[in-house]
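# Geometric and topological summary
Each chain, letter by letter, is given below.
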Amino acid sequence: MKIHSIALISSNASYTMCPQDTKPEVAFIGRSNVGKSSLINALLQRKQLARVSKMPGKTALIHHFLVNNQLYFVDLPGYGWAQVGHATKVRWGKMLRDYLLHRPNMSTAFLLMDAKIAPQAIDLECISWLGQHHIPFAIIFTKADKKHKMVAHKHYMALTRTLQQEWATMPPIFMVSTHNKLGMENVLGYIQAVTQAKDE
Ligand code: GTP
Ligand code: MG
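To start, this report covers the structure provided alongside it. Since the structure is predicted, the reported quantities are computational estimates derived from the model, not experimental observations. (Residues numbered from 1 in each chain as written. Chains lettered and ligands numbered in written order. Predicted model: local features only at pLDDT ≥ 70, side-chain atom pairs only at ≥ 80, totals over all residues. Heavy atoms only, no water.)

## Remarks on the environment of Tyr 99
As a reminder, the rule being used: The way it works is that DSSP assigns letters per residue, a run of H or I at least four long becomes a helix, a run of E at least two long becomes a strand, and they are numbered from the N terminus. Buried residues are those whose accessible area, probed at 1.4 Å on protein chains only, stays under 20% of the maximum for their type, while exposed residues exceed 50% and partly exposed ones sit between those limits. Here, two residues are considered to be in contact whenever any of their heavy atoms come within 4.5 Å of each other.
With respect to the helices and strands, Tyr 99 occurs in helix H2 (residues 86-101). The class of Tyr 99 is buried, set by a relative accessible area of 0%. Spatially, the C-alpha atom of Tyr 99 lies 4.8 Å from that of Tyr 15, the residues being 84 residues apart in sequence. Residues within four places of Tyr 99 in sequence aside, it is in contact with Tyr 15, Cys 18, Glu 25, Ala 27, Ile 62, His 64, Val 74, Leu 76 and Met 106.

Here it is as structure tokens:
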């Protein structure tokens, strides 16, 4: 999939304000600091389109990026960051769930997990929740830099074993690193397939 144009269409605190559009969209969700915004920038080949930070909690709104005038990439706040105040945590959780439940044109929600750490209970809960609500999803292991290759593989295998116990069909699982551009073509190819975006 070639990127020709990108526009930030809206940044909202509620699904009710998100674009009412029939174009397909893909969302990037996961724990705070897992690398959602960085991955959007890397996929779209822009350095500072989505705001990135070393500190968790950077993305606080639902950001809709229109790509090639054909589909949306959606950056969202993370979940599970202990340091954020309780009220904010609850608000972001509700914002995320409400958004996911009210986007009929959702092609795939990409659930990002840090390849350097073992699958976390909160991520497994999120996977179950997506399944229960019939939201199409795929998993992306992030930060699979060259130096973390072994541990990333171990966590990939652990997740696969866990999911096989629960799921008749496995979701697609990708491995990416924005540092060495690992996996970008695979994820973009998948997005093109699920959104049926044309390579014009
Ligand atoms: P929130 O918006 O706070 O939920 O975070 P986020 O999931 O959007 O993460 P963000 O993209 O802001 O990145 C968090 C940190 O991870 C930054 O310091 C990035 O530089 C770093 N990071 C992102 N991708 C990679 C990667 O592939 N490898 C490594 N080592 N670090 C990465
Ligand atoms: Mg972010």
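Now that the structure has been shown, the text picks up again.
## Details of unusual backbone geometry
The phi torsion at Asn 68 lies on the positive side, around 55°, for a residue other than glycine. Looking at Asn 68, the relative accessible area reads 9%, which means it is buried. Positive phi outside glycine occurs at Asn 69, with the angle close to 55°. Within the secondary structure, Asn 69 is located in the loop between strand E3 (62-67) and strand E4 (71-75).

## Focus: the pattern of salt bridges
Put simply, the rule is: Salt bridge criterion: a side-chain nitrogen from Lys or Arg within 4 Å of a carboxyl oxygen from Asp or Glu.
Inspection of every chain in the model, using the stated rule, returns five salt bridges. Note that Arg 103 is salt-bridged to Glu 25, the shortest N-O span being 3.0 Å. One end of the pair, Arg 103, is in the loop between H2 and strand E5 (106-114); the other, Glu 25, is in strand E2 (residues 25-30), with 78 residues separating them in the sequence. For the pair Arg 103 and Glu 25, a shared accessibility class is recorded, and that class is buried. A salt bridge links Asp 123 to Arg 31, with the shortest nitrogen-to-oxygen separation between them at 3.6 Å. Highlighted residues: Asp 123 in helix H3 (residues 121-132) and Arg 31 in the loop between E2 and helix H1 (36-43), separated in sequence by 92 residues. Since its relative accessible area comes to 2%, Asp 123 is described here as buried. Among the residues examined, Arg 31 registers a relative accessible area of 16% and is labelled buried.

That is the geometry; function is a separate question.
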